[in-house]
Amino acid sequence: MRILVMGHRGMLGSDLIEILGREHEVLGVDMAEFDITSAADCVRILGEFRPGAVVNAVAYTDVDGCETNREACFAVNAVGVRNVAEACRAAGAKAVHYSTDYVFDGTKGEPYLEDDVCRPINVYGESKRKGEEALAETLERHLLIRTAWLYGRGGKNFVKAILAKVKDEGTLRVVDDQVGSPTFTLDLAQATKLLLKLDCTGTYHVTNRGVCSWYEFARRILEYAQVAGVTVVPIKSGELNRKAARPAYSVLSNRKFMEATKKAMRPWQVALNDCLSQMRAKG
Ligand SMILES: NC(=O)c1ccc[n+]([C@@H]2O[C@H](COP(=O)([O-])OP(=O)(O)OC[C@H]3O[C@@H](n4cnc5c(N)ncnc54)[C@H](OP(=O)(O)O)[C@@H]3O)[C@@H](O)[C@H]2O)c1
């Protein structure tokens, strides 16, 4: 199949190109080639490549930045998604799109299911929810994948931030009152390929297996990266004074994904270890 990957220079997008490119004819486009907030750009890009499917990994992902740049954030995460869905509908292509655990308020206390009520508590979550709605309203042949706590070999992410911080600091303060499922973008790209192969449509939750706090995640990163002599101190979210609120519990149930694919995602610890080994091997 011909697949257009939007946002291929991003963290997830770069892994999508690698994984989907092993079986499909792929083309990547990013800021340099088009602006997702322009409906005309989306139509033009689809017209040039004529894909059977578009995988959209473009997003405004600065969660705190969204609080002060509401308009720009909605332009990309909501209007942009509608533009992609409309262009796909006109071209007869399927659209695959990603959303986030932050569409939920984090009060459920057990893993969120695909049809649980969305109640975002920050602007990023609101904009991503609007994008979900725009996609579902505009295009029947869509696959919406909600995921969480992404990290990967490319792009800015928590794993890299922790490893960079320990170079200067002997003590790290990390929140222990938010829990979720860290997810390796390479695993998410593999899961996307599988869902595409099975021609799944509708909404699926996909994360690596298991749950931890950011504090536990940070400790595991240091353990697997064999960094010694650093103290990790658990703190509360309120101590960070961040602009955006975060859900306290944003675990997504993978049950629907497992039923559809007969596959389970790897435990987050295994995926993290793999990512760090690959980063080490690359140097
Ligand atoms: N990161 C997470 O923890 C997380 C968690 C849950 C869900 N998600 C979702 O997963 C998906 C992938 O996230 P990611 O972290 O891989 O994103 P990312 O690394 O921030 O990549 C997004 C890409 O989109 C590009 N882009 C931004 N605005 C654009 C525009 N107007 N037109 C065209 N391209 C534009 C960016 O270019 P520039 O870099 O030049 O701006 C970047 O290459 C997103 O839908 C995100 O909401 C992410």
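Residues numbered from 1 in each chain as written. Predicted model: local features only at pLDDT ≥ 70, side-chain atom pairs only at ≥ 80, totals over all residues. Heavy atoms only, no water.

> What should I look at first to understand the pattern of salt bridges in this one?
For side chains of opposite charge, pairing can occur when their charged atoms come near one another. Counted by the stated rule, this structure contains 24 salt bridges. For the salt bridge of E33 with R9, the shortest nitrogen-to-oxygen distance reads 3.2 Å. Of the two residues, E33 sits in the loop between β2 (25-29) and α2 (39-49) while R9 sits in the loop between β1 (2-6) and α1 (11-20), which places them 24 residues apart along the sequence. Judged by relative accessible area, E33 falls into the partly exposed class, the value being 29%. A single network of salt bridges, built from pairs that share partners, joins R129, K130, E132, E133 and R146. (Salt bridge = Lys/Arg side-chain N within 4 Å of Asp/Glu carboxyl O. Helix = DSSP H or I, 4+ residues; strand = E, 2+ residues; numbered from the N terminus. Buried < 20%, exposed > 50% of the residue type's maximum accessible area, 1.4 Å probe, protein only.)

> Explain the site of the ligand to me, please; I cannot follow it from the model alone.
Surveying the vicinity of the ligand reveals 23 residues, the closest of which are L12, D30, T61, Y124 and K128. The backbone of I36 places a nitrogen or oxygen atom 3.0 Å from a nitrogen atom of the ligand. Out of a free accessible area of 920 Å², the ligand has 78% covered by protein chains. Those elements that provide at least two residues to the shell around the ligand are α1, β4 (94-100) and α5 (123-138). Ranked by residue count, the leading element in the shell around the ligand is β4, at three residues. (Near = heavy atom within 4 Å. Polar contact = N/O pair within 3.5 Å; in protein donor to acceptor, adjacent residues only side chain to side chain. Areas by Shrake-Rupley, 256 points an atom, 1.4 Å probe, with all protein chains shown as cover.)

> How should helix α10 (residues 268-282) be read in this particular structure?
Every α-helix carries 3.6 residues per turn, so stepping three or four residues along brings you back to the same face. Taking 1.5 Å per residue, 15 residues should reach 21 Å; α10 reaches 21 Å between its end C-alpha atoms and fits that length. Along α10, the residues that are buried comprise W268, A271, L272, C275, L276 and M279. The arc that holds the buried residues of α10, viewed along the axis, is 135°, so those residues lie on one side. Summarising the contacts, the buried residues of α10 are in contact with β6 (150-151), α6 (158-165), β9 (183-184), α7 (185-197), β11 (212-213) and α8 (214-224). With its phi angle positive at about 85°, G283 sits one or two positions after the end of α10. (Expected span 1.5 Å × (residues − 1). Arc of directions from axis to C-beta. Contact = heavy atoms within 4.5 Å.)

Scope: geometric values only; no functional claims are made or implied.
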